[in-house]
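Analysis of the macromolecular model
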Amino acid sequence: MEIEIISFGKISELISNQKIDFDGIADTDNFKLHLEHQFPALKSMKYKLALNKNIVQENTQIINKATIAIMPPFSGG
Amino acid sequence: MEIEIISFGKISELISNQKIDFDGIADTDNFKLHLEHQFPALKSMKYKLALNKNIVQENTQIINKATIAIMPPFSGG
Amino acid sequence: MSEKKIKNIFVNGPITPAFIADSIAKHSSKTAIGGHSIFMGQVRKDEIDGKFVAAIEYTAYEELSLEKMHQIREAIFEKYPLNCMHIYHSLGTVKTGEICLFVFTSSAHRKPAISACSEVVDRLKAELPIWGKEIFEDETHQWKENI
Amino acid sequence: MSEKKIKNIFVNGPITPAFIADSIAKHSSKTAIGGHSIFMGQVRKDEIDGKFVAAIEYTAYEELSLEKMHQIREAIFEKYPLNCMHIYHSLGTVKTGEICLFVFTSSAHRKPAISACSEVVDRLKAELPIWGKEIFEDETHQWKENI
């Protein structure tokens, strides 16, 4: 399964945009576990995910070729 | 007793600016009675007075050489 | 009455976009400001009994207006942490589509500027002795009334 | 999703007073409008641990921002009787004293324009995936957080 990761703001300094290829990541909760395991600094940061340009409000299934954005709190305006 | 009358807005079409000279007008309530007697059309109009640049909120004594403004509802902005 | 000098708010004729831009540009050196709120009144081409408004002609009891505005200004500065407040109102003829009122407030964070701007507009309309005469296209007129 | 076309809101660098003036001037032909409300965000020269902010560098998840903004725009038009709504946000570097956000709403009477403008600013700050990086005078930085 291929997932494209894009990151923004403060988190872009920690995780660069990348394509990852792995199995066993069925949903966004799973993805977060994997991500925080790989980047422990994330655990203490506030962030939201967007799956294919939809902000993730509850655990959502991930399908192949998904794009997942990792977004710290917004600070526009 | 000399009173200077200035009028604004719609009321300026009814009462022109003028100096009047009369006795027996001791206060603003009295002045209104006199005014509405002289200009009966005023009775059906909403207006406020300003005595020497102070908006009249309650009956106020008029002293000689006063300036009284007759002001219909404001419509600035 | 405070000692502060009473500012003039009246301009002859319409308030131009260039004037507003100039006013905005002057604030770029005021680097404590984070938010600006502006209200502009524009003359509407209202239809009344089949006739269209072509312009509004404004007159005011100027001295009393300026004194009232001064009181409002002081009350608003007391109530909100503002960096700046600028107010301009037209006198004379302002055609439909032109701007007759410009209220401009600034503060470090947005909320005081927004609340102050709105409150100034409300109080100005209710408390300043200013009158608008709506001139129709056929040169007849009626006196405007704020709702 | 509505069929309406998604408008761009992003401009590169600061929003200039001349741009704002031009935007205001374009409304003089819209003679049903009686009130305009504007909010402008300006970059503050904040002091943090003895260092001064020199600029904010804005980045955004542009596609998601525009989609969100489109939804907000539709909701606001549904809620208030507006004639116009224009929104611009900077991307890239905006120096202290320069303008990074411009929200402009217009309606026949003042209250809808004022309420809509304020609500758009609140929602935009809370809901649009935009990030500001505060660049200090010594070229270090910190990521801005909206309070």
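In case you missed it, the structure is sitting above this.
Let us look at the structure shown here. Model, not experiment: these values are computed from the prediction.

At an RMSD of 0.0 Å, chain D and chain C line up after a rotation of 180° and a shift of 0.0 Å along the axis. The superposition of one copy onto the other is thereby described by a two-fold rotation axis. The residues that chain D uses at the interface reappear at the interface of chain C in 100% of cases, marking a shared surface.

Opposite the 17 residues of chain A that make contact, chain D presents 24 residues. Contact between chain A and chain D buries roughly 1,700 Å² in total, counting both sides, with carbon and sulfur atoms accounting for 59%. Applying the counting rule to chain A against chain D returns one salt bridge. One salt bridge in this structure joins Glu63 of chain D and Lys53 of chain A, with 3.0 Å as the shortest N-O distance. In this assembly, chain A and chain D are joined by 12 residue pairs in polar contact (both at pLDDT 80 or more). Its residues assigned to classes, the side of chain A that touches chain D comprises nine nonpolar, five polar and three charged.

What follows deals with the pattern of salt bridges. Between side chains of opposite charge, pairing is possible as soon as their charged atoms come close. Inspection of every chain in the model, using the stated rule, returns 18 salt bridges over all chains. Between Lys51 of chain C and Asp138 of chain C there is a salt bridge, with the nearest N and O atoms lying 3.7 Å from each other. One end of the pair, Lys51 of chain C, is in strand E4 (residues 51-60); the other, Asp138 of chain C, is in the loop between strand E7 (130-136) and strand E8 (141-143), with 87 residues separating them in the sequence. With relative accessibility at 43%, the residue Asp138 of chain C sits in the partly exposed group. One salt bridge in this structure joins Arg123 of chain D and Glu127 of chain D, with 2.9 Å as the shortest N-O distance. Taken together, the residues Arg123 of chain D and Glu127 of chain D, both in helix H3 (residues 110-127) and four residues apart, mark about one turn of the helix. Given a relative accessible area of 25%, Arg123 of chain D falls into the partly exposed group. One connected set of salt bridges, linked through shared partners, spans Arg110 and Lys111 of chain C together with Asp122 of chain D.

Right, let's talk about the packing of aromatic side chains for a bit. In this description, a pair of aromatic rings is defined by centroid distance and the angle of the planes. In the structure shown here, the tally under the stated rule is 14 aromatic pairs over all chains. Taken together, a centroid distance of 5.7 Å and an interplanar angle of 80° make the contact between Phe74 of chain B and Trp131 of chain C edge-to-face. Here Phe74 of chain B, found in the segment after strand E5 (66-71), pairs with Trp131 of chain C, found in strand E7, and the two come from separate chains. Trp131 of chain C shares its class with Phe74 of chain B; the two are buried. Cluster of aromatic residues (ring-pair linked, three or more members): Phe8 and Phe74 of chain A together with Tyr61 and Trp131 of chain D. Taking the ring centre of Tyr47 of chain A as reference, the NZ or CZ of Lys32 of chain A above it sits at 5.4 Å. A cation over a ring is seen here: Lys45 of chain D above Phe52 of chain D, with NZ or CZ 5.5 Å from the ring centre.

There is about 560 Å³ of room inside the largest pocket. Lining the largest pocket we find 28 residues, and of these His109 of chain C together with Arg44, Lys125, Lys144 and Asn146 of chain D sit closest to its centre. Sorting the residues of the lining of the largest pocket by element identifies helix H3 (110-127) of chain C together with strand E2 (35-42), strand E4 (51-60), strand E6 (99-107), H3 and strand E8 (141-143) of chain D as the ones contributing at least two each. Residue composition of the lining of the largest pocket, grouped by class: 13 nonpolar, seven polar and eight charged.

All right, on to the interface of chain D and chain C then. The partner chain C presents 37 residues to the 37 residues of chain D that form the contact. Here chain D packs against chain C, burying approximately 3,000 Å² in sum over the two surfaces, 59% of which is carbon and sulfur. On the chain D side of the interface with chain C, the three residues burying the most area are Gln42, Arg44 and Arg110 of chain D, jointly 21% of the side's total. For the pair chain D and chain C, the number of links is four salt bridges. Sorting the residues of the side of chain D that touches chain C by element identifies helix H1 (17-25), E2, E6 and H3 of chain D as the ones contributing at least two each. Here the element with the most residues in the side of chain D that touches chain C is E2 of chain D; it accounts for eight residues. Here strand E2 (residues 35-42) of chain C runs beside E2 of chain D; their pairing, made up of seven bridges, is antiparallel. Across the sheet, residue Phe39 of chain C finds its bridge partner in E2 of chain D, namely Ser37 of chain D.

Moving on: the state of the cysteines. Across all of its chains, the model carries zero disulfides over all chains by this definition. Among the cysteines around Cys100 of chain D, which has no disulfide bond, Cys117 of chain D carries the closest sulfur, lying 14 Å off. Sulfur of Cys117 of chain D: no disulfide; nearest cysteine sulfur belongs to Cys117 of chain C and is 9.0 Å away. On the accessibility criterion, Cys117 of chain D (3% relative accessible area) is buried.

Definitions and limits used
Residues numbered from 1 in each chain as written. Chains lettered and ligands numbered in written order. Predicted model: local features only at pLDDT ≥ 70, side-chain atom pairs only at ≥ 80, totals over all residues. Heavy atoms only, no water. Least-squares fit on C-alpha atoms with pLDDT ≥ 70 in both. Contact = heavy atoms within 4.5 Å. Buried area = accessible area lost by both parts, 1.4 Å probe. Salt bridge = Lys/Arg side-chain N within 4 Å of Asp/Glu carboxyl O. Polar contact = N/O pair within 3.5 Å; in protein donor to acceptor, adjacent residues only side chain to side chain. Nonpolar A, V, L, I, M, F, W, Y, C, P; charged D, E, K, R; others polar. Helix = DSSP H or I, 4+ residues; strand = E, 2+ residues; numbered from the N terminus. Buried < 20%, exposed > 50% of the residue type's maximum accessible area, 1.4 Å probe, protein only. Phe/Tyr/Trp six-rings, centres within 6.5 Å; stacked < 30°, edge-to-face > 60°. Lys NZ or Arg CZ within 6 Å of the ring centre and 35° of its normal. 1 Å grid on protein atoms, 1.4 Å probe; cavity = no way out; pocket = protein on both sides within 12 Å on 5 of 7 lines; lining within 4 Å. Points joined across faces, edges and corners; volume = space filled by probe spheres on them. Pairing = 2+ DSSP bridges. Disulfide = S-S within 2.5 Å.

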